[in-house]
Amino acid sequence: MLFSLFVNSLKLVIPNSKFLMFVDDLKIFRKIKSVTDCLIPQKEFDVLVLWFNSMGLNFNVEKCQSMSFTRNRNIINYTYLMNGSSINIITRKKDLGILFCPNLEFHYHIEAVYCRVFKMLGFVIRTSSEFILSSSLKAL
């Protein structure tokens, strides 16, 4: 509850970017068309860190990650900093059960779902191989 009260004025701190929040998870995003566009979020990160520090809160930079989504071949690479440390650049992220990748294709997600399904199927086959009653197999 106290954390929620602290972050209610977050839009005043990062006015040029959009963000999504859930409990203590914050996702900041914006459209980047050039390297100069990368400077805007960097300035907002600097202000955000100062704002959190002024309230006695700290960012865990090790948990911060950066990911660019694009279908263009010309990817703009920029390393963002928080508290003087670079934010980890990732190429895959699982969020709310979906595995995202930079080109916005879902073949990695589909492959992960297939793997889970085949593991579950193998478990069911191994477990039910000794069932004798056909009613048990039908229920399964």
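Residues numbered from 1 in each chain as written. Predicted model: local features only at pLDDT ≥ 70, side-chain atom pairs only at ≥ 80, totals over all residues. Heavy atoms only, no water.

Asker: In this structure, what is going on with a nonpolar patch on the surface? I would like to understand it.
Answerer: A cluster of nonpolar side chains, contributed by Ile 98, Phe 106, Ile 110, Tyr 114, Phe 118, Leu 121 and Ile 125, occupies part of the molecular surface with about 690 Å² of accessible area. Top element by residues in the nonpolar patch is helix H4 (residues 107–128). It accounts for 5 residues. (Patch = residues over 30% accessible without salt bridge, like charges linked within 9 Å, V, L, I, M, F, W, Y side chains within 5 Å. Areas by Shrake-Rupley, 256 points an atom, 1.4 Å probe, with all protein chains shown as cover. Salt bridge = Lys/Arg side-chain N within 4 Å of Asp/Glu carboxyl O. Helix = DSSP H or I, 4+ residues; strand = E, 2+ residues; numbered from the N terminus.)

Asker: How should unusual backbone geometry be read in this particular structure?
Answerer: Peptide bonds are mostly trans, and most non-glycine residues show a negative phi. Not every positive phi belongs to a glycine, and Asn 83 is a case in point at roughly 55°. On the secondary structure map, Asn 83 appears in the loop between strand E4 (81–82) and strand E5 (85–86).

Asker: Got a minute to help me understand the packing of aromatic side chains in this structure?
Answerer: To describe a pair of aromatic rings, one takes the distance between the centres and the angle between the planes. Counted according to the given criterion, the structure contains 6 aromatic pairs. Where Phe 69 meets Phe 100, the ring centres are 6.3 Å apart and the plane angle is 80°; that geometry is what we call edge-to-face. Taken together, the positions of Phe 69 in the loop between strand E3 (65–66) and E4 and Phe 100 in strand E8 (residues 98–100) put the pair 31 residues apart, joining distant regions of the chain. Its relative accessible area of 42% is what places Phe 69 among the partly exposed residues. Each member of the aromatic cluster is reached from another via a ring pair, and the members are Phe 45, Tyr 78 and Tyr 80. (Phe/Tyr/Trp six-rings, centres within 6.5 Å; stacked < 30°, edge-to-face > 60°. Buried < 20%, exposed > 50% of the residue type's maximum accessible area, 1.4 Å probe, protein only.)

Geometric descriptors of this kind do not, in isolation, establish any biological role.
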